[in-house]
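Commentary on secondary and tertiary structure
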Amino acid sequence: MNILLTGAAGQLGTELLPLLSARGRVTATDRSPPATAVKSWLELDISDGGKLELLLNSVRPGLIVNAAAYTAVDQAETDVRTAYGVNAEFPGRLAHWAKQNDARLVHFSTDYVFDGTASHPYLETDEPDPQNVYGQSKLEGERAIESSGCRHATLRTSWVYSSHGKNFVLSMLELARRGIALKVVDDQQGCPTWARNLALASDKVIEQWQTPGADHRSGLFHYCDDRTLSWYDFAHAVFSYAVKTGLLNCEPDLAAVPSSGFPQPAPRPKWSVLDTRRIETAFDIHPASFNRSLKTVIDEVSTRA
Ligand SMILES: NC(=O)c1ccc[n+]([C@@H]2O[C@H](COP(=O)([O-])OP(=O)(O)OC[C@H]3O[C@@H](n4cnc5c(N)ncnc54)[C@H](OP(=O)(O)O)[C@@H]3O)[C@@H](O)[C@H]2O)c1
């Protein structure tokens, strides 16, 4: 099977690449492929619609995995056009091609499609009401895929981190190494999700799609790891593991603050917890352990340090 992976150099794309390579011939694309990239990597700027059609018609993927996204949440507030181009129009074009060519599409979306006022974990059937441009553009992308009628799995997830790329864990570690006293918000709750667990969940969906005679489910699914934490709790967990492994000598000065004490251009939902029962029932995919995942990520960072 030919597979097209977009955003292959991002947090999730990096974890997906080895898994997908075991399932078929992968063409990996990103805006700037890594210097070590081999010849099956291609440079693709998502805003170039014409080039996308050419690429799809030449690769002819039976499976498209779209890990590319505009993830700079605050920047999206002023770079609205680019955010919509990458997060809404591009997935729509992929889905249209997939529908026309009987290909399948795996796509990713976000907890930020919700307003964060619920008091229960969000179900796929709960009404979205995104409060920032990033969330609005991702919701448009979900809807474009849904309305194309292509066979797809859109996995909504939350608070993605890994031992590479730009994320909360690496930012916290960097600030702690510089000896900076930290203030972290404690009134936003969510489920930190290791990019590798999300990649493994995607791979399990694909595996079941490839199984002859299996019930090939399509649609919107929530996946996140198994703990609900505030950003403050998350930072505390990062520092505590980092000290245990010797990555940090001691925990930094860490203070809990309300969101009002840490103004950001894009408002964030206060409650970002996703209910994962649909993916558990449909694909037997269960939330992975936050504790084990964070520990592995810190170990990976320590090994490289
Ligand atoms: N990160 C989170 O906390 C989070 C939370 C919920 C949902 N998600 C969703 O999970 C998925 C994976 O996120 P991630 O954390 O892996 O994101 P990421 O690390 O930011 O990776 C996204 C990739 O897309 C590429 N990209 C962006 N604009 C592009 C363009 N115009 N042309 C070509 N490539 C472009 C990025 O390249 P550059 O690095 O050059 O920009 C990057 O390699 C996304 O759908 C995201 O919306 C993420």
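Our subject is the structure that appears above.
Below is a short write-up of the structure. All values reported here derive from a predicted model rather than from experimental measurement.

On to the sheet that holds strand β12 (residues 229-230), then. Read from one edge to the other, the open sheet built from three strands follows the order β12-β9-β14, with strand pairing classed as mixed. The open sheet has two free edges, formed respectively by β12 and β14 (271-272), since each of these has just one partner strand. The sheet contact formed by strand β9 (residues 189-190) and β12 spans two bridges and is antiparallel. When the bridges of β12 are listed, Gln-189 appears paired with Ser-230.

What follows deals with the nonpolar core. If you look at the biggest cluster of nonpolar residues, it comprises 56 residues, and the most contacted ones within it are Val-169, Leu-173, Phe-234, Phe-239, Leu-294 and Ile-298. Broken down by secondary-structure element, the contributors of at least two residues to this core are α2 (49-59), α3 (80-101), α4 (133-148), α5 (168-177), β8 (182-185), α7 (231-244), β13 (254-257) and α9 (290-304). It is α7 that contributes the most residues to this core, eight residues altogether. Ignoring anything within four residues of it in the chain, the contact list for Leu-294 reads Tyr-161, Val-169, Phe-234, Ala-237, Val-238 and Tyr-241. Residues Leu-17, Val-65, Ala-153 and Tyr-223 belong to the second largest nonpolar core, which totals 29 residues.

Time to look at the site of the ligand. For the ligand, the set of nearby residues contains 25 residues, the closest of which are Asp-30, Arg-31, Thr-71, Tyr-134 and Lys-138. Interatomic distance of 2.4 Å between a side-chain N/O atom of Arg-31 and an oxygen atom of the ligand. Contact distances for the ligand include 3.1 Å between a nitrogen atom and a side-chain N or O atom of Asp-45. Burial of the ligand by the protein chains amounts to 84% of its free accessible area of 890 Å².

Where α7 contacts α9, the two axes come as close as 10 Å, and the packing angle between them is 55 degrees. Overall, the two elements α7 and α9 adopt an arrangement that is oblique. Our pair here, α7 against α9, has a crossing hand that is right-handed. When α7 is examined against α9, the residues Phe-234, Ala-237, Val-238, Tyr-241 and Ala-242 are found in contact with a partner set consisting of Phe-290, Asn-291, Leu-294, Lys-295 and Ile-298.

Basis of the calculations
Throughout this document, residue positions are counted from 1 along each chain, in the order its sequence is written. Per-residue local features are limited, in this predicted model, to residues with pLDDT of at least 70; the limit for side-chain atom pairs, both in listing and counting, is 80 or more; totals at the level of whole chains, interfaces and linings are taken over all residues. With hydrogens and water set aside, each side-chain value is computed from the structure's full complement of heavy atoms. Criterion used throughout: strands pair if DSSP finds at least two bridges between them. Secondary structure is summarised from DSSP: a helix means a run of H or I of at least four residues, a strand means a run of E of at least two, and numbering begins at the N terminus for each. Residues enter a nonpolar core if they are buried and are Ala, Val, Leu, Ile, Met, Phe, Trp, Tyr or Cys, with the set joined through side-chain atoms within 4.5 Å. When accessible area is computed with a 1.4 Å probe and restricted to protein chains, residues below 20% of their type maximum are described as buried, those above 50% as exposed, and intermediate ones as partly exposed. Contacts are assigned to residue pairs that have any heavy atoms within 4.5 Å of one another. Throughout, near means a residue has at least one heavy atom within 4 Å of the molecule or strand. The definition of a polar contact used here is a pair of N or O atoms within 3.5 Å, where within protein one atom must be able to donate a hydrogen and the other to accept one, and adjacent residues in sequence count solely through side-chain atom pairs. Here the accessible surface of atoms and residues is derived via Shrake-Rupley with a 1.4 Å probe, and residues count as covered only by protein chains that are part of the display. The convention used is that axes are lines fitted to C-alpha atoms, helices contributing only their stretch in contact, and that angles between N-to-C directions extend from 0 to 180 degrees. Here is the rule for angles: anything less than 35 degrees is roughly parallel, anything more than 145 is roughly antiparallel, 65 through 115 is roughly perpendicular, and the remaining ranges are oblique. Note on convention: the crossing is left-handed when the near helix lies turned anticlockwise from the far helix by less than a right angle, right-handed when the turn is clockwise.

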